[in-house]
There are 2 protein chains.
Amino acid sequence: MGKQRPKILDCTIRDGGLVNNWDFTEDFVRNVYHSLNEAGVEYMEVGYKNSPELVDTNGAGPWRFCDDDLLKQVITEKKTTKLSALVDIGRVKEEDILPKSDSVIDLIRVACYLKDIDKGIALAQVFHELGYETSINIMAVSNALEYQLVEGLEKVNNSTIDIAYIVDSFGSLYNQDIQYLIDIFKKALPNKKLGIHTHNNLQLAFSNTLLGKNNGVTFLDSSLMGMGRAAGNCPTELLVGALKNPDYNLAPVLGLLEKEMIPLREKVEWGYTIPYAITGLLNEHPRSAMALRKSDDKDKYKDFYNQFMTVERH
Amino acid sequence: MGKQRPKILDCTIRDGGLVNNWDFTEDFVRNVYHSLNEAGVEYMEVGYKNSPELVDTNGAGPWRFCDDDLLKQVITEKKTTKLSALVDIGRVKEEDILPKSDSVIDLIRVACYLKDIDKGIALAQVFHELGYETSINIMAVSNALEYQLVEGLEKVNNSTIDIAYIVDSFGSLYNQDIQYLIDIFKKALPNKKLGIHTHNNLQLAFSNTLLGKNNGVTFLDSSLMGMGRAAGNCPTELLVGALKNPDYNLAPVLGLLEKEMIPLREKVEWGYTIPYAITGLLNEHPRSAMALRKSDDKDKYKDFYNQFMTVERH
C-alpha cells in the first residue's frame, strides 16, 4: 500500500437520501456534481444502486436506484470528480449492473455486516470483473468480536477489492477506538487502501476522519453540511477547508451550501441532536432516536434515556 | 502534579451569557445549579465578576457582575458542586472581591492575553491571598510565539496560581495542535494543574477536550448543549455521558436541557454554523462571523469567505 494523497468522497446524495427519501431534483444533483468538481473533490456518491424489485420502493426518489440512463442524463459530461454508488448485499441483482465501459459510475461500494462478509466479497468481485473500482464497507464494527473481524479482513486482503472501509455505523466510536481499528485494518490489509465513514452522534465525525487521514486512510467520506442519516456525517466543507491539498477550493462548496443545503435543512432534519448523542453514547443503532425525532416527544430526552437504563438491554 | 480525576466545569452562565447578554432568570441559574449538582458536575461558573464601573453595562444581566448578595440569594444552599467566576484583567476592582470566607464562590479564573500575563498573575495572586482557588486562562494562544508562551508559563509555574488553562479562543485548533500545546504546558508547568477550554467552530470541541483528559488535563470546561459565544463550547452532556466516573449521572443534565435549554435555543443562536467554521479554518476571531449571523446576509457564506481571501489579511 503506497502512500497516497487522501481523497474526499462526498456521499450527500446517498447518505443524505436516507433523510429525505432520495427526493433530490435532477438539478440539485447536477449542481452538487458541478460544485464538487470545481472544489476538487475526488468522488461523488450519486446514490444507492439497489434493484427496485428487491427493496420496498415506497415513494423513494430515483437516487435509491441510480438507473444508468438517468445518470447519463444528469451527469452529461464527466469531469474530474468520479462517481460512486453503494449497494447492499441481497438488494441488488448482478444483471442490473452494466459493464463499467457502459456506465458513468467509477466505483461501486458494497455494504454488508461482518457475518455476510463472504457474500460481500463475492459481490464486490463481480463488480471488479465488470471493470469498476470496488470497496467493501463493513457496518457496525463496534459490535464485532475482534477475531471475527480479523478473519473477515484477511479474506478481503486476498480478494480483488480495492478499498476496505472503517464504518462507524452508530457514531459511537471515540478517537482511540478509531485508532485501534485503523491498526487492526492496516495489519490485516497490507494490500488494500483504507477508507473511513463516520457519523456525528458524539460530534466526533470530523475528528475521527482527520485521525484516519493522519494514519494513512485515503478515502474520506463526508457530506455537505454533514447531511446523512440521524446525526449525519463528517462535513465536506470542513474537509475541503482543512486538508492541505492545493487542488481544493472551498468557495464552490460554500456557494452550494447557501444555495441548496440551507433551504433543504429548513424542510428536513439531520445532524447532532441530544437523542442521537444518547444512542451514540450507548453504542445503539440510531433508529429509536430517529423515531423519537419524528414524534411529538422529540425533545423528551430524559424519558428516552431512561428507557434504555431501566429496560434490560441484552 | 499528582494524577487527578478529571473535573467538569460547566460555564453555561458565563460563556453562554455572551450569547444572551447574561439574561438568565434567577430560577434558571438555580435550576442549573441543582441539576449540575445532581449530575455530579464538580464546578459551575456563575458568570463574570467584572466591576460594573469598568465595563459597558449596556443592559447586561446580573451574571456579568455576580454580586455576592445576589449569588447568596440564588444559591441558598451550597452542595457538592463548587462555584467559579471569571474576571478579565482591567475590568475588575480588587476591592470588589470579598474574602473567600464571605463569598459562595470557590474558584476565580483570570482571563488575559499573553502580553498581559504579568498583570494576570498579579491579579490571580491577590485572589489566592483572599482564599480562593485560582486559575489563569491565557487567551488566543494559537497566535502566540512559542518562546513568549513558554516564558509566560514559567512565570505562572512560579506563582501561587492553582490551574493554567489551555484556551482555544478561535476554535481553530486541531487535535495535533492541542497535543502540541499540552506538551508545552506540561513541560513548563510541572507544579500546576491544567485545564482546557475549547470552542466548536470546527466541531472539535469535544474531541479536543477528551484529548486533554487523556493527557492529564484535569479541568474540563463545557456548557449545556455547548451554549457559548459563536460556535459554542464542548457540550456538558457529552462529557457527563462519556467520562467513566461513577459519580456522574446523565439524566439530570438531560432533564435540564429539555426544560431550560431547548426553549432558550429557540430565542438565541449559538453553535456550529458555516461562518464560524470559516473563521475557525482561518484562525480568525469569530467577531466578523457573529456580526454576519446577526445581519440579513447570515447565510451568504461564499461572499463572507471571499472577503477574507481577497483582502490582505496581515
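Residues numbered from 1 in each chain as written. Chains lettered and ligands numbered in written order. Predicted model: local features only at pLDDT ≥ 70, side-chain atom pairs only at ≥ 80, totals over all residues.

## So, the overall build of chain A
The number of helices and strands found in chain A is 13 helices and 8 strands. A compact globule built from 314 residues would reach a C-alpha radius of gyration of about 20 Å, and chain A, at 19 Å, matches this within 12%. Referenced to the eigenvectors of the C-alpha coordinate spread, the extents of chain A come out at roughly 55 × 45 × 45 Å. Looking at chain A as a whole, 50% of its 314 residues qualify as buried. Counted over contacts in chain A with a minimum sequence separation of 6, partners at least 24 positions apart contribute 76%. (Helix = DSSP H or I, 4+ residues; strand = E, 2+ residues; numbered from the N terminus. Rg over C-alpha atoms; globule rule 2.2 N^0.38 Å. Buried ≥ 20, exposed ≤ 12 C-beta atoms within 10 Å, placed from the backbone. Contact = placed C-beta atoms within 7 Å.)

## Topic: unusual backbone geometry
Residue and element names in this part refer to chain B. Of note, Q203 is a non-glycine position whose phi angle comes to about 55°, a positive value. In this structure, N283 takes a positive phi of about 55° despite not being glycine. The residue N283 is located in the loop between helix 11 (274–281) and helix 12 (287–293) in this model. A residue is classified by how many C-beta atoms lie within 10 Å of it, and N283, with 17 of them, is partly exposed.

## Some points on the domain arrangement of chain A
Interfaces are frequently sized by the accessible area removed from exposure as the parts join. Residues and elements named next belong to chain A. Partitioning chain A into domains gives domain 1 (7–267) and domain 2 (274–310). Between the C-alpha centres of domain 1 and domain 2 there is a distance of 26 Å. With 8 residues of domain 1 at the contact, the number on the domain 2 side is 10 residues. The residue inventory of the side of domain 1 that touches domain 2, partitioned by class, reads 4 nonpolar, 4 polar and no charged. (Domains from an automatic or database assignment. Nonpolar A, V, L, I, M, F, W, Y, C, P; charged D, E, K, R; others polar.)

## So, the packing of helix 6 (residues 146–157) of chain B against helix 7 (residues 175–188) of chain B
Residues and elements named next belong to chain B. At a minimum axis separation of 9 Å, helix 6 and helix 7 run at an interaxial angle of 45°. What the angle tells us is that helix 6 and helix 7 run oblique. Here helix 6 and helix 7 pass one another in a crossing that is right-handed. In this structure, helix 6 contributes L149, V150, L153, E154 and N157 to the contact, and helix 7 contributes I184, F185 and A188. Grouping the constituent residues of the contact of helix 6 with helix 7 by class yields 6 nonpolar, 1 polar and 1 charged. (Axes fitted to C-alpha atoms, helices over the stretch in contact; angles between N-to-C directions. Parallel < 35°, antiparallel > 145°, perpendicular 65-115°, else oblique. Left-handed = near helix turned anticlockwise from the far one by under 90°.)

## So, the relation of the copies chain B and chain A
Here chain B sits on chain A after a turn of 180° about the axis and a move of 0.0 Å along it, with an RMSD of 0.0 Å. With respect to symmetry, the two chain copies, as superposed, fit the operation of a two-fold axis. In this assembly, 100% of the residues forming the interface of chain B have copies in chain A that are likewise at the interface, indicating an isologous arrangement. (Least-squares fit on C-alpha atoms with pLDDT ≥ 70 in both.)

## Notes on the sheet that holds strand 7 (residues 193–197) of chain B
Sheets are built from strands that pair by backbone hydrogen bonding, the pairs being arranged parallel or antiparallel. All names here are of chain B. With parallel pairing, the 8 strands of this closed barrel are ordered in space as 1-2-3-4-5-6-7-8. If you compare each strand with its neighbour and ignore which way they point, the axes differ by 25° on average. Taken together, the 4 bridges between strand 1 (residues 7–10) and strand 8 (residues 219–222) define a ladder with parallel strand orientation. Of the residues in strand 8, the one forming a bridge with K7 is F219. Against the sheet, helix 7 contacts strand 6 (163–167) and strand 7, and its axis sits at roughly 160° relative to strand 6. (Pairing = 2+ DSSP bridges.)

## Looking at the interface of chain B and chain A
Taken together, the contact pairs 28 residues of chain B with 28 residues of chain A. A total of 7 residues in the side of chain B that touches chain A trace back to one element, the largest contributor, which is helix 10 (residues 250–267) of chain B.

## Some remarks on the sheet that holds strand 2 (residues 43–48) of chain A
Residue and element names in this part refer to chain A. Pairing is parallel around the closed barrel formed by 8 strands, whose spatial order is 1-2-3-4-5-6-7-8. Across the sheet, the mean angle from the axis of one strand to that of its neighbour is 25°, orientation sign disregarded. The pairing of strand 2 with strand 3 (residues 82–88) spans 4 bridges and is parallel. By the bridge assignment for strand 3, Y48 is matched with L86.

## Focus: the pairing of strand 3 of chain A
All names here are of chain A. For strand 3, a buried count of 5 out of 7 residues is recorded, marking the element as mostly surrounded by other parts of the structure. After leaving strand 2, the chain enters helix 4 (residues 68–74) and then returns to the sheet as strand 3, a path that is right-handed. Relative to strand 4 (residues 107–113), strand 3 is paired through 5 bridges, and the arrangement is parallel. Bridge pairing links V87 to V110 in strand 4. (Right-handed = clockwise from strand over helix to strand, strands pointing away.)

## Details of the packing of helix 11 of chain B against helix 13 (residues 301–310) of chain B
Residue and element names in this part refer to chain B. Following both chains from N to C, one finds helix 11 and helix 13 inclined at 20°, their axes separated by 10 Å at the closest point. It follows from the interaxial angle that helix 11 and helix 13 lie roughly parallel. For the element pair helix 11 and helix 13, the recorded crossing hand is right-handed. Where helix 11 abuts helix 13, its residues I274, P275 and I278 lie against Y301, F304 and Y305. Residues of the contact of helix 11 with helix 13, tallied by class, amount to 6 nonpolar, no polar and no charged.

## Considerations on helix 11 (residues 274–281) of chain A
Note that an α-helix has 3.6 residues per turn; residues three or four places apart therefore point the same way. When you tally the buried positions in helix 11 of chain A, you get 8 out of 8 residues, the bulk of the element. Taken together, the buried positions of helix 11 of chain A are I274(A), P275(A), Y276(A), A277(A), I278(A), T279(A), G280(A) and L281(A). Taken together, the buried residues of helix 11 of chain A touch helix 12 (287–293) and helix 13 (301–310) of chain A together with helix 9 (236–242) and helix 10 of chain B. Backbone geometry just after helix 11 of chain A places N283(A) at a positive phi near 55°.

## Describing helix 6 (residues 146–157) of chain A
Residue and element names in this part refer to chain A. Here helix 6 is 12 residues long and its end C-alpha atoms lie 16 Å apart, about the 16 Å a rise of 1.5 Å per residue gives. Taken together, the buried positions of helix 6 are occupied by G152, L153 and V156. The arc that holds every buried residue of helix 6, seen down its axis, measures 100°, which confines them to one face. (Expected span 1.5 Å × (residues − 1). Arc of directions from axis to C-beta.)

## Regarding the environment of R91(B)
All names here are of chain B. Along the polypeptide, R91 turns up in the loop between strand 3 (82–88) and strand 4 (107–113). For the pair R91 and S51, spaced 40 residues apart in sequence, the C-alpha separation works out to 6.1 Å. Setting aside its immediate chain neighbours within four residues, R91 contacts N50, S51, L54 and V55.

## Quick look at the environment of K193(A)
Mapped onto the elements of the fold, K193(A) is located in strand 7 (residues 193–197). Each C-alpha atom, one on K193(A) and one on G152(A), is 16 Å from the other, the two residues being 41 residues apart in sequence.

## Re the pairing of strand 6 (residues 163–167) of chain A
Residues and elements named next belong to chain A. Counting buried positions along strand 6 yields 5 of 5 residues, so the element is predominantly enclosed. Residues I163, Y165 and V167 line one face of strand 6 and the alternating positions A164 and I166 line the opposite face, and both faces are buried. Of the strand pairs in this sheet, strand 5 (residues 133–139) and strand 6 are connected by 4 bridges, and their pairing is parallel. Within strand 6, the position partnered with S135 by the bridge is I163. Traced from strand 5 through helix 6 to strand 6, the parallel crossover comes out right-handed. Here strand 6 runs beside strand 7; their pairing, made up of 5 bridges, is parallel. Paired with A164 across the two strands is L194, which belongs to strand 7. Note that the unit made of strand 6, helix 7 (residues 175–188) and strand 7 has a crossover that is right-handed.

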